[in-house]
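Residue strings, one per chain:
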Amino acid sequence: SLYRNYDRDLPYCFNRKEAKDHGEGGSMVGYKPQDGDNVAIVEDVVTAGTAVRETMPILKACADVQVPHMFISVDRCEVGHTPGKTAIMEVEEEFGVKVHPIVTVVDIHEYLKEHGTDPELLKAMEGYMEQYCVL
């Protein structure tokens, strides 16, 4: 899509849950990061920041890369390990990565509220947000 729409032919890679000793081998599939590369992480959702905390050491073990940005589909705004901070705030501070969500749990709630969603669902979502989120 980047190439088709923006004439940008960019490499990509992803990490495996377990390193393999056959095929491409190792824990990375696709492009092998090189010293000096700027890498953007793409993730579906950040809940506790576990995936990025596992991914950063893998990337850094491959090469001396910079990871200035991370793009996620949903920011759940969930509290991290530090009271008063979301997991995303912690990731940004810990790794110096700017996290860019497409939507937040607040956006989803507002959309559902504006479109006449079942009041019980909204109430349950509000209870979840009150208990688990930093807003």
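Let me begin by describing the structure that accompanies this report.

Rules behind the numbers
Residues numbered from 1 in each chain as written. Predicted model: local features only at pLDDT ≥ 70, side-chain atom pairs only at ≥ 80, totals over all residues. Heavy atoms only, no water. Patch = residues over 30% accessible without salt bridge, like charges linked within 9 Å, V, L, I, M, F, W, Y side chains within 5 Å. Areas by Shrake-Rupley, 256 points an atom, 1.4 Å probe, with all protein chains shown as cover. Salt bridge = Lys/Arg side-chain N within 4 Å of Asp/Glu carboxyl O. Helix = DSSP H or I, 4+ residues; strand = E, 2+ residues; numbered from the N terminus. Axes fitted to C-alpha atoms, helices over the stretch in contact; angles between N-to-C directions. Parallel < 35°, antiparallel > 145°, perpendicular 65-115°, else oblique. Left-handed = near helix turned anticlockwise from the far one by under 90°. Contact = heavy atoms within 4.5 Å. Nonpolar A, V, L, I, M, F, W, Y, C, P; charged D, E, K, R; others polar. Buried < 20%, exposed > 50% of the residue type's maximum accessible area, 1.4 Å probe, protein only. Arc of directions from axis to C-beta.

A closer look at a nonpolar patch on the surface
Inference 1: Taken together, Leu-2, Tyr-6 and Leu-10 make up a surface patch of nonpolar side chains, about 330 Å² in accessible area.
Inference 2: Counting through the fold element by element, Tyr-6 comes out in helix α1 (residues 2-6).

Describing the packing of helix α4 (residues 105-114) against helix α5 (residues 119-132)
Inference 1: The contact between α4 and α5 brings their axes to 11 Å, and the two run at 160°. Classified by the angle their axes make, α4 and α5 are roughly antiparallel. As α4 runs across α5, the sense of the crossing is left-handed. Contacts between α4 and α5 involve Val-105, Val-106, Ile-108, His-109, Leu-112 and Lys-113 from the former and Leu-121, Leu-122, Met-125, Glu-126, Tyr-128 and Met-129 from the latter.
Inference 2: Partitioned by chemical class, the residues of the contact of α4 with α5 number nine nonpolar, one polar and two charged.

Considerations on helix α3 (residues 87-95)
Inference 1: Of all the residues in α3, the buried ones are Ala-87, Ile-88, Glu-90 and Val-91. Taken around the axis of α3, the buried residues stretch over an arc of 155°, which confines them to a single face.
Inference 2: Along its buried surface, α3 packs onto β3 (38-46), α2 (50-62), β4 (66-75) and β5 (98-104).
Inference 3: Count one or two residues on from α3 and you reach Gly-96, which has phi positive near 70°.

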